[in-house]
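Chain by chain, the residues run as shown.
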Amino acid sequence: MNLPSSPSSHSLGIACTDTMQTIKLILFLLGILVLHKINRSKANLQMVAVSKETDEAKKNSSFVGNQLDVKISIEDYKQVYSLAKNISHSKGPIIMSKEGDLEYRRSLVRKISLKTRSEVLKKLVKNIQKFSNYSVLALQELEYLVHEYETAVDFVKLGGLELVLPLVNHEDSRIASGALSILTAAVQGNPIVQQYAEKAHILDYIIRALTGKPHNAVTSVLFTLSSYLRNNAVSQLKFFRSNGLHILANILQSPEETMKSKIKIIDLLNDIAVEIYSEPEDINEDKILQIRRLFADGVQKENICEKLPRFLNYNDLAIQGKTANAMNSLNEICVKKFNQKNVMESIKRLIDIYNPYTKKYWYSKDDMELNWLIWNDLETLYRKMKFSKRTIKTEL
């Protein structure tokens, strides 16, 4: 008795046939497009020769000339074939990026762009090294280039960190800010650059900039510090052991520092607290416990728990919102200080002001959303404080 063929093998054969037909069709269509482009260029040349006297023909002549300069080589056909393969398949080396992004981004144009960026970077770094040309424009060009992950890696391999780090404490604040912007862009979310930065003692330069003579670019230094500390357990441990929280606390209470710098510190404290108390998977348990202990001890020792609530008294939505957010994140560390009567009264007063259920109207949709977010953070914080107060009484 003849048995019917397996449905799975039959389906597989059809799928393979369909795939091959799709590839052939794509290549065929691309070939037609290339031939059409050549024919159209020839036709345009004839039209230019006939209607050379018209103004429109004069405008198009240079364009047609450029079209004719393009020659299709064997390498071009290979690239077209490679592109067609990537269109017809869902996996391949072009699709997977080093950042872990699985989207189809690494096309031929992307590769050419990266190669061009790398070449420009090399020329720019060599020019600065040779002529000590520390112009603001050159630093801005470097910052633009190192935003790209691979280009930032090339930058540090070329000795870029050793070139830029000394400029952090440059007497010209524009040069210092430019250097800090480069470091911020290169270090952020780039483990390879972070390792190079660690070996180049980047933290020493940052601390010197924050503790030395009055620095005109403190906010820029704090942005660089934030990029250096985020998702970097090694840098966090080193920063806490170097009395980093003492430095931040001094800036928070200094009347000479700008509010922008102080708000950046509040954001940084919030970000660190959220990160280290959110059970990070990639960090050893002993190390994360060590980081938490150093962070909590530093926050309490430097009286940050007392300094932080004072920013609730500023009549500014952004300041109040960021402060409430940070207080929620630091609640477990600062529970006793936040439970003090004056702090609780400030929180309750703002809850009444921003309560969306008692306010009849807001000035705009954006104001309504921001007020609601602040009210929600404050309400959450107030409930935590009330609960912790009952817990403390029960324990006593």
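Because the structure is predicted, anything quoted here is derived from the model rather than measured.

A few points about the state of the cysteines
Consideration 1: Taken as a whole and judged by the stated rule, the model has one disulfide.
Consideration 2: With its sulfur 2.0 Å from that of its partner, Cys 305 forms a disulfide with Cys 334. Disulfide Cys 305 to Cys 334: torsion about the S-S bond roughly -65 degrees, handedness left-handed. Separated by 29 residues along the polypeptide, Cys 305 in helix H16 (residues 304–307) and Cys 334 in the loop between helix H17 (317–329) and helix H18 (335–338) bring together distant segments of the chain. The pair Cys 305 / Cys 334 is uniform in exposure class, with both members buried.

Focus on the nonpolar core
Consideration 1: Grouped together as the largest cluster of nonpolar side chains are 91 residues, with contacts concentrated most on Leu 225 and Phe 295.
Consideration 2: Once residues lying within four places of it in the same chain are set aside, the contact partners of Phe 295 are Phe 240, Leu 245, Leu 269, Ile 272, Ala 273, Ile 276, Tyr 277, Leu 330 and Ile 333.

Thoughts on the packing of aromatic side chains
The geometry of an aromatic ring pair comes down to the distance between the two centres and the angle between the two planes.
Consideration 1: By the definition in use, this model includes four aromatic pairs.
Consideration 2: Geometrically, the ring pair formed by Phe 240 and Phe 295 is tilted, given 5.6 Å between the ring centres and 40 degrees between the ring planes. Highlighted residues: Phe 240 in helix H12 (residues 233–241) and Phe 295 in helix H15 (residues 285–301), separated in sequence by 55 residues. Considered together, Phe 240 and Phe 295 belong to a single accessibility category, that of buried residues.
Consideration 3: Ring centres of Trp 372 and Trp 375 lie 6.4 Å apart, and the angle between their planes is 50 degrees; on these two criteria the pair is classed as tilted. Taken as a pair, Trp 372 and Trp 375 lie in helix H20 (residues 365–395) at a separation of three residues, close to a single helical turn.
Consideration 4: By relative accessible area, Trp 372 is classed as partly exposed at 39%.

A closer look at the environment of Glu 198
Consideration 1: Within the secondary structure layout, Glu 198 lies in helix H9 (residues 191–199).
Consideration 2: On the basis of relative accessibility, which here comes to 18%, the residue Glu 198 falls in the buried class.
Consideration 3: The sequence separation of Glu 198 and Val 234 amounts to 36 residues, and the corresponding C-alpha distance is 8.8 Å.
Consideration 4: Polar contacts involving the side chain of Glu 198 include one to the side chain of Lys 238, which spans 3.3 Å.

Considering the confidence of the model for the chain
Consideration 1: Averaged over all residues, the pLDDT of the chain is 75; the fraction at 70 or higher stands at 62%.
Consideration 2: Taken together, the stretch residues 45–74 has pLDDT below 50 and engages in 17 contacts with residues farther than four places along the chain or on a different chain.

Here's the deal with the pattern of salt bridges
Any two side chains of opposite charge can pair if their charged atoms end up close together.
Consideration 1: Evaluation of the coordinates by the stated rule reveals eight salt bridges.
Consideration 2: Put simply, Asp 172 and Arg 174 hold a salt bridge, and the shortest N to O gap is 3.2 Å.
Consideration 3: Among the residues examined, Arg 174 registers a relative accessible area of 55% and is labelled exposed.
Consideration 4: Two residues, Arg 230 and Asp 271, come together in a salt bridge whose shortest N-O distance is 3.6 Å. Note that Arg 230 is positioned in the loop between helix H11 (218–229) and H12 and Asp 271 in helix H14 (residues 259–276), a separation of 41 residues in sequence.
Consideration 5: The class for Arg 230 is partly exposed, based on a relative accessible area of 31%.
Consideration 6: Within the structure, one salt-bridge network assembled from shared partners comprises Arg 230, Asp 271 and Glu 275.

Analysis parameters
- Residues numbered from 1 in each chain as written.
- Predicted model: local features only at pLDDT ≥ 70, side-chain atom pairs only at ≥ 80, totals over all residues.
- Heavy atoms only, no water.
- Disulfide = S-S within 2.5 Å.
- Helix = DSSP H or I, 4+ residues; strand = E, 2+ residues; numbered from the N terminus.
- Buried < 20%, exposed > 50% of the residue type's maximum accessible area, 1.4 Å probe, protein only.
- Core = buried A, V, L, I, M, F, W, Y, C linked by side-chain atoms within 4.5 Å.
- Contact = heavy atoms within 4.5 Å.
- Phe/Tyr/Trp six-rings, centres within 6.5 Å; stacked < 30°, edge-to-face > 60°.
- Polar contact = N/O pair within 3.5 Å; in protein donor to acceptor, adjacent residues only side chain to side chain.
- pLDDT = per-residue confidence, 0-100.
- Salt bridge = Lys/Arg side-chain N within 4 Å of Asp/Glu carboxyl O.

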